[in-house]
Amino acid sequence: MKTFGRIFSFVIIGAFLLLAYACKKDKQVQGGAALVNIKSVEVSYTEASSNNNSANAKSVLPGLSEQVKEVTFNQDYNLIVSLKPKTQELKAQGSTRGSSVINPMEQGVRYRVLVFNTDNSYVDQKEFIVGQEASTTGFELEPGTYRFVAYSFNNSTAIPEVAQSPLDGLSLSNIPTSSALLYMNREVTVQGGENLLGLVLKHRFSKITLTMEAASELGTISALKASITAEPTVNMALKDGALTHPNTPSPLMFNFPTLNLATVTSTSTLISNAETAQLELKILEIGLNGGPIRTNLANITDLVIRPGVQYQLRLSLQSTGISVGGKIWAKGNLAYVNGIYFNRSSPEETGFDYHATDYWNYASAENPVVPAMNVPWEYFEDLDSHFPKIPAIFQDPCQLVAGGQWHMPKLADFAALGYFKVINSAGVEGAFDGVQPNGEKTGHAYIYFDGTDQSTGAAGQLRFYKTGRLHYFIVNNVSVLDHDHIFNEHDALYMAIDGTQGVKPANATWQVHMPMIVEEHTGGDKDMLYYRLNDPYFSRDDRVPIRCVRDLPATR
């Protein structure tokens, strides 16, 4: 009897536990209903194209590739403006999926999730806190397909409920752009039982950081005020996240917490603007080295900033050039980026591994003119039959630099520089040794001519580094296999607009000779034209850098 009693007790206890479990389970998901709990919450910024130098760069949406402008700052300085999505920095911080860069939402941030039927009729809504989702009961739904809409202001402030109305008419009004706005709209099919839902909310505002740098000879930036046009508030439709802008755009000031440096950087600023808006950047005040503050110096217009993208806006304040030989010479080589022609800020910015697009064909037949002209032939022989002939007059790309004051140098301009001097790779006078600098500031040989820095009036050096030349056929204006087809890698070669002088008449339709300085020369008794005609293999399909010049200002 005792044994039977114990067995009976176990049966009663087991039945009670089974009943309790069944009741608990029935309380969670009754009648085969679906319980939707939040599994994870992440946020994303739109990622820019990572290959904007390709032949397909023209297909990249405006605002998702680098925008470069050069404007006249004043009589002494030019301002190079570069607006670039922060793609690489974002990749380093988070994982990438498709066209977005993903990061977890921070702990303690509140977000609201709404559920609608597929006909957009209202079902339910709840507020959650990142890291505390278990304290909020999930959504109890019938199995089927629903539309989940989520939004957040990326802070810990409670988010009020919205009207229990159809999705089509729901919106958020007067959202200040001083804080973030994140949004998600996703259709989800749920099954009976527990369903775990992962959310990825996308930023709807842009984030921009402004960095301004002065060339080394200009000293430090002691005062700086800048603004960009932006909308103070927006409305957002919950149906699709579309933003409307009820107010007139107004200037938004950048905050620079630290000044008196050669490079100053603002705190990140959130802005919102219409998808097709072209924004205006204003430099309101700038002072150098504690000197007088200049006001209302420059307006940069037509900047395209797309919603949900992080940007680095970089302003480079550069002196205009070095005066020597009766001309003002640019300090760096001519560059072409996304349709913008500008002079590099320093002569060290050259080399095969630095900017291959800074190497130009002579007398390019492309319109608009670009560095790499389409070349259907691999070798200079027979270029006259396979290649457009050198015209008597051709487009000068230097004249396309902002302001229209620059032009390509003539052979006489190179001759007027006089004899060059050489600083070797050890930093002392010696032979033209070593390799290309590829942007490195020290440890590379260069030739130089003594002149006057136009920004300060002080003595300055016009420098030329090793460039080499590139030679290969070009398709769709994109060079291929440059490293397999390089010539004179250790020489310095530059282009003159009248480089056909001295060419044999039989070769005049395709051959051109460049000013050059050969490897290991010590300088002091030769100019840049001494070796020009010594290389019989120069031809029009070679690509070399261009150093632009402009006329000295008229004296009063």
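Everything that follows concerns the structure shown earlier in this document.
Residues numbered from 1 in each chain as written. Predicted model: local features only at pLDDT ≥ 70, side-chain atom pairs only at ≥ 80, totals over all residues. Heavy atoms only, no water.

### Re the state of the cysteines
Alright, step 1. Taken as a whole and assessed by the stated rule, the structure comprises 1 disulfide.
Alright, step 2. Here Cys398 connects covalently by a disulfide to Cys548, the sulfurs 2.0 Å from one another. Looking down the S-S bond of the Cys398 and Cys548 bridge, the torsion is -85 degrees, so its handedness is left-handed. Taken together, the residues Cys398 in the loop between helix H3 (383-386) and helix H4 (411-416) and Cys548 in the loop between strand E37 (542-544) and strand E38 (549-551) connect sequence positions 150 residues apart.
Alright, step 3. By relative accessible area, which is 0% here, Cys398 ends up buried. (Disulfide = S-S within 2.5 Å. Helix = DSSP H or I, 4+ residues; strand = E, 2+ residues; numbered from the N terminus. Buried < 20%, exposed > 50% of the residue type's maximum accessible area, 1.4 Å probe, protein only.)

### As for the packing of aromatic side chains
Alright, step 1. Taken as a whole and judged by the stated rule, the model has 17 aromatic pairs.
Alright, step 2. Here the aromatic rings of Phe464 and Tyr494 are separated by 4.9 Å at their centres, their planes lie at 75 degrees, and the arrangement is edge-to-face. In this pair, Phe464 sits in strand E30 (residues 459-465) while Tyr494 sits in the loop between strand E35 (492-493) and strand E36 (516-517), placing the two residues 30 residues apart along the sequence. The exposure classification of Phe464 matches that of Tyr494, with both residues buried.
Alright, step 3. Positioned over the ring face of Phe139 is Lys126, at 5.8 Å from the centre of the ring.
Alright, step 4. It is Arg547 that lies over the ring of Phe464; its NZ or CZ is 4.4 Å from the centre. (Phe/Tyr/Trp six-rings, centres within 6.5 Å; stacked < 30°, edge-to-face > 60°. Lys NZ or Arg CZ within 6 Å of the ring centre and 35° of its normal.)

### A short note on the nonpolar core
Alright, step 1. Ranked by internal contacts, the top residues of the largest apolar core, which has 31 residues, are Ile208, Leu210, Met212, Leu281 and Leu315.
Alright, step 2. Sorting the residues of this core by element identifies strand E3 (77-85), strand E13 (206-214), strand E14 (221-230), strand E20 (278-288), strand E21 (294-304) and strand E22 (310-319) as the ones contributing at least two each.
Alright, step 3. Not counting chain neighbours up to four residues away, the residues in contact with Met212 comprise Leu79, Ile221, Leu224, Ala262, Thr263, Val264, Ile286, Leu315 and Leu317. (Core = buried A, V, L, I, M, F, W, Y, C linked by side-chain atoms within 4.5 Å. Contact = heavy atoms within 4.5 Å.)

### Let's talk about the sheet that holds strand E16 (residues 243-244)
One key point about sheets: their strands pair by backbone hydrogen bonds, in either a parallel or an antiparallel sense.
Alright, step 1. Within the open sheet, the 3 strands sit side by side as E10-E15-E16. Their pairing is antiparallel. Lying at the two open borders of the sheet, with one neighbouring strand each, are strand E10 (171-176) and E16.
Alright, step 2. When strand E15 (residues 233-237) meets E16, the two strands line up antiparallel, connected through 2 bridges. The residue bridging Met236 from the neighbouring strand is Leu243, located in E16. (Pairing = 2+ DSSP bridges.)

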